[in-house]
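# Commentary on secondary and tertiary structure
One-letter residues, chain by chain:
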Amino acid sequence: MSTHDFPPNHDNDLFLAAQLAAVQARVAQAAARAGRDPAEITLVAVSKTKPFGMIAELAAAGQVDFGENRLEELWEKVDEAERTGLAGIRWHAIGTIQSRKSKQAVGPFALVHSVDTRKLAERLSRDAEAAGQRVAALLEVNVSGEESKHGFTPAGLLAELPDLLALPGLHIQGLMTMATLESEAEATRPTFQRLRLLLDEIRQRFPQGDWRHLSMGMTNDFEVAIEEGATIVRVGTAIFGKREMG
Ligand SMILES: *Cc1c(COP(=O)(O)O)cnc(C)c1O
């Protein structure tokens, strides 16, 4: 089933459910190719810029995990879910968080994917403790080393990990990366492989940690990411259609 089988009309109830089913099928096929159980892969539907009604429709179709990259928009949607009585959604904060806004990342969220500096980690931990919480978080790694990308360098992360793991307000659960957008999904494979190898090394050196998650792969390359060990894929466009902006 391809996107071309459906008119790009987002008012059509069937459109979103069909797009979701198509992505779920592709997740399952990629898992099968890699000899993995699709049940160990979480599909996060990235709803940024999309109206709450689309989230409600997808939730009705069985989608549980939703991700937003801006904290303001994440909170708006969390509030709207509460107002409208839409329960059971697991919310993911996936975008860059300025450390001065760390307080906004403490909330009813399943996972914060994008802890990309020691400063943010420390502030988030402090704010979480003050709120009587422990924030479930992933450490974002800049695998490619591109200057424009956020995240710890692999060497920097290994050096900081003893301190990061000691932060009482954080429950670190793994690694996340944003791959460079490539025209060919295959070109992203080495990035995903490097993140996977880094996680393997971290598991050996820091066995006291909880290293269950690898959050990697988006619309363009989620199947390659699953073949390379992703436990979480973050997919927006393939489910919701194109975004107007950003
Ligand atoms: C927007 C976004 C995605 C999803 O991108 P698509 O290409 O639309 O699937 C995934 N992760 C992050 C951090 C994003 O900001």
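Quick caveat: nothing in here was measured; it's all calculated off a predicted structure.

## Side note on the layout of surface pockets
Size it by volume and the largest pocket reaches roughly 600 Å³. Contributing to the lining of the largest pocket are 29 residues, with Lys48, Met178, Met218, Arg234 and Arg243 lying nearest its centre. Residues belonging to the lining of the largest pocket are distributed by class as follows: 8 nonpolar, 13 polar and 8 charged.

## What to know about the confidence of the model for the protein
Fine structural detail should not be taken from predicted coordinates in areas where pLDDT scores are low. Confidence in the prediction of the protein, expressed as mean pLDDT, is 93, and 94% of residues score 70 or more. When the criterion is pLDDT under 50, residues 1-7 qualifies, and its contacts beyond four places in sequence or with other chains add up to 8 contacts.

## Section: the pairing of strand β1 (residues 42-46)
Counting buried positions along β1 yields 4 of 5 residues, so the element is predominantly enclosed. Here β1 runs beside strand β8 (residues 232-235); their pairing, made up of 4 bridges, is parallel. Bridge pairing links Leu43 to Val233 in β8. By the bridge criterion, 2 bridges tie β1 to strand β2 (residues 65-68) in an arrangement that is parallel.

## What about the nonpolar core?
Trp91, Leu139, Leu157, Leu164, Leu175, Ile202 and Ile239 are the most contacted members of the largest nonpolar core, which has 66 residues in total. Residue contributions to this core peak at 7 residues, all from helix α1 (residues 13-33). In contact with Leu139, not counting residues within four places along its chain, are Val115, Phe152, Leu157, Leu161, Leu164, Ile172, Gly174, Leu175 and Met176. In terms of nonpolar packing, the next biggest core, distinct from the first, is built from 6 residues, Val44, Ala136, Leu138 and Met176 among them.

## Details of the site of the ligand
The immediate surroundings of the ligand are formed by Val46, Lys48, Asn69, Ile94, Met178, Met218, Thr219, Arg234, Val235, Gly236, Thr237 and Arg243. At a separation of 2.5 Å, an oxygen atom of the ligand approaches a polar side-chain atom of Thr219. Between Gly236 and the ligand, the recorded distance is 2.8 Å, taken from a backbone N or O atom to an oxygen atom. Protein chains shield 91% of the accessible area of the ligand, which is 390 Å² for the free molecule. Given that more than half its atoms are within 2 Å of the pocket grid, the ligand belongs to the largest pocket. For the shell around the ligand, the class distribution of residues is 5 nonpolar, 4 polar and 3 charged.

## Notes on the pattern of salt bridges
Evaluation of the coordinates by the stated rule reveals 20 salt bridges. In this structure, the salt-bridge partner of Arg205 is Glu201, at a minimum N-O distance of 3.0 Å. You can see Arg205 and its partner Glu201 sitting in helix α6 (residues 189-205), 4 residues apart, about one turn around the helix. Taking the relative accessible area as the measure of exposure, Glu201 reaches 33% and is therefore partly exposed. Here Asp210 and Arg212 are joined by a salt bridge, their closest N and O atoms 2.6 Å apart.

Reading guide: rules and limits
- Residues numbered from 1 in each chain as written.
- Predicted model: local features only at pLDDT ≥ 70, side-chain atom pairs only at ≥ 80, totals over all residues.
- Heavy atoms only, no water.
- 1 Å grid on protein atoms, 1.4 Å probe; cavity = no way out; pocket = protein on both sides within 12 Å on 5 of 7 lines; lining within 4 Å.
- Points joined across faces, edges and corners; volume = space filled by probe spheres on them.
- Nonpolar A, V, L, I, M, F, W, Y, C, P; charged D, E, K, R; others polar.
- pLDDT = per-residue confidence, 0-100.
- Contact = heavy atoms within 4.5 Å.
- Buried < 20%, exposed > 50% of the residue type's maximum accessible area, 1.4 Å probe, protein only.
- Helix = DSSP H or I, 4+ residues; strand = E, 2+ residues; numbered from the N terminus.
- Pairing = 2+ DSSP bridges.
- Core = buried A, V, L, I, M, F, W, Y, C linked by side-chain atoms within 4.5 Å.
- Near = heavy atom within 4 Å.
- Polar contact = N/O pair within 3.5 Å; in protein donor to acceptor, adjacent residues only side chain to side chain.
- Areas by Shrake-Rupley, 256 points an atom, 1.4 Å probe, with all protein chains shown as cover.
- Sits in = over half its atoms within 2 Å of the grid points.
- Salt bridge = Lys/Arg side-chain N within 4 Å of Asp/Glu carboxyl O.

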